[in-house]
Amino acid sequence: MPFSPTSSISVPSPRRFSPAQARQPQWAFSFSVWEQPLQIRDIPPVIKRGGILLLAKFVIGAAIGISIGKIFGMAGVLGMTSLAIISAVTNSNGSLYLALMENYGDAPDCAAMALLSLNDGPLFTLIALGGSGLANVPIKALIATIGPILVGMVLGNIDRDLSKFLAPAGSIMIPFVGFCLGAGINITNMVKGGPQGIVLGLVTCLIGGPFIVLCDHFIGRRPGYAGWAVATTAGNAVAVPAAVALVDPRYQPFVNSATVQVAASTVITAILVPFITDWWVKKYGSPKCPKQSEIRNISQAQS
């Protein structure tokens, strides 16, 4: 057929991606990079301390979130959903934990960071929501979530130089994750989510914290300072609500509010936990800091 200037040519329109779709490859790369420093040989010495902290934080976060979901449904109570609660309480701020352990703890405490890094990302949130029936989590989606973490661990153990090279990239990726998340957040939801975010931070610290400390003390036979150090919300956790919504679209209406609440919890816990940990160490001691009573006894003995 001869070409005519008046002939209509069908040109496919460019495909537009939603912010959630654009974040999928970014999350995969981010989770892979964040798991690079985890070395298999580091796990045995820290399995007891790190395992107790990891499981205790997951149990308390899952228990609170699942209870809210079962009683009040997906919409939650007072604007706080099970999605926001589990995302915030089960994810700990690894950088803050490591900084506190370097000041108060010992080498095994610092090494436990390798195991605690497993709660960064949506894995534990998906396990809690899927296992409780609050979310439809296909096995394929769960494998897709675990995949980047396993890839990061394998690559980090095969090539130590690659692990060292990519280790700083975790913090570099956070602004990009935040930018993509912010592009899909309605600014009015930040105002609406403010008080709930503060409450969520207090729940993470003042309810989750004592439970973790009790487990650390009675099961691990430790003073408990490490339990307070993990009573935080990770900065990476702001990506979790949207990641869960990709797996179960029913949570999509709650993503924006949950994201800003988790972000607020991150700030609140980052402010409170160092002060609480310092107070606890002064009262009950740690490997690097004796108890105040011991300091007084030493001073009295010297005088």
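Keep in mind that what you see is a predicted model, and the values were worked out from it rather than measured.

Things to note about the overall build of the protein
Part 1 of the reasoning: Counting secondary structure elements, the protein contains 16 helices and zero strands.
Part 2 of the reasoning: Going through the 303 residues of the protein one by one, you find that 48% of them count as buried.
Part 3 of the reasoning: Taking the contacts inside the protein whose residues are at least 6 apart along the sequence as the reference set, 82% of them involve residues at least 24 apart.
Part 4 of the reasoning: When the accessible area of the protein is evaluated, it comes to approximately 14900 Å², of which 69% is carbon and sulfur surface.

Some thoughts on the nonpolar core
As a rule of thumb, soluble globular proteins bury nonpolar side chains together.
Part 1 of the reasoning: Formed by 59 residues in total, the largest nonpolar core has its most connected members in Tyr97 and Tyr251.
Part 2 of the reasoning: Counting residues per element, this core draws most heavily on helix H2 (residues 43-72), which supplies ten residues.
Part 3 of the reasoning: For Tyr97, the contacting residues outside a window of four places in its chain are Leu53, Asp109, Ala112, Met113, Leu116, Ala226, Ala229 and Val230.

Quick look at the packing of aromatic side chains
Part 1 of the reasoning: Taken as a whole and judged by the stated rule, the model has four aromatic pairs.
Part 2 of the reasoning: With a centroid separation of 5.3 Å and an interplanar angle of 65°, the aromatic rings of Phe58 and Phe124 are classed as edge-to-face. One end of the pair, Phe58, is in helix H2; the other, Phe124, is in helix H7 (residues 123-132), with 66 residues separating them in the sequence. Both residues of the pair, Phe58 and Phe124, count as buried.

What to know about the pattern of salt bridges
Part 1 of the reasoning: Evaluated as defined, the whole model comprises five salt bridges.
Part 2 of the reasoning: Of the charged contacts, one joins Arg49 and Asp106 as a salt bridge, the two residues approaching to 2.7 Å between their closest N and O atoms. With a gap of 57 residues between them, Arg49 in helix H2 and Asp106 in the loop between helix H4 (94-104) and helix H5 (107-111) connect regions that are remote in the sequence.
Part 3 of the reasoning: Classification of Arg49 as buried rests on a relative accessible area of 18%.
Part 4 of the reasoning: Judged by relative accessible area, Asp106 falls into the partly exposed class, the value being 22%.
Part 5 of the reasoning: A salt bridge links Arg49 to Asp109; its shortest N-O distance comes to 2.9 Å.

Brief notes about a nonpolar patch on the surface
Part 1 of the reasoning: Together, Ile198, Leu202 and Leu206 make up a nonpolar patch on the protein surface, roughly 240 Å² of accessible area in all.
Part 2 of the reasoning: Secondary-structure assignment places Ile198 in helix H12 (residues 194-218).
Part 3 of the reasoning: You can call Ile198 partly exposed: its relative accessible area is 43%.

Looking at the environment of Leu129
Part 1 of the reasoning: Structurally, Leu129 is set in helix H7.
Part 2 of the reasoning: Expressed as a C-alpha distance, the spacing of Leu129 and Ser82, which sit 47 residues apart in the sequence, is 8.4 Å.

Rules of the game
- Residues numbered from 1 in each chain as written.
- Predicted model: local features only at pLDDT ≥ 70, side-chain atom pairs only at ≥ 80, totals over all residues.
- Heavy atoms only, no water.
- Helix = DSSP H or I, 4+ residues; strand = E, 2+ residues; numbered from the N terminus.
- Buried < 20%, exposed > 50% of the residue type's maximum accessible area, 1.4 Å probe, protein only.
- Contact = heavy atoms within 4.5 Å.
- Areas by Shrake-Rupley, 256 points an atom, 1.4 Å probe, with all protein chains shown as cover.
- Core = buried A, V, L, I, M, F, W, Y, C linked by side-chain atoms within 4.5 Å.
- Phe/Tyr/Trp six-rings, centres within 6.5 Å; stacked < 30°, edge-to-face > 60°.
- Salt bridge = Lys/Arg side-chain N within 4 Å of Asp/Glu carboxyl O.
- Patch = residues over 30% accessible without salt bridge, like charges linked within 9 Å, V, L, I, M, F, W, Y side chains within 5 Å.

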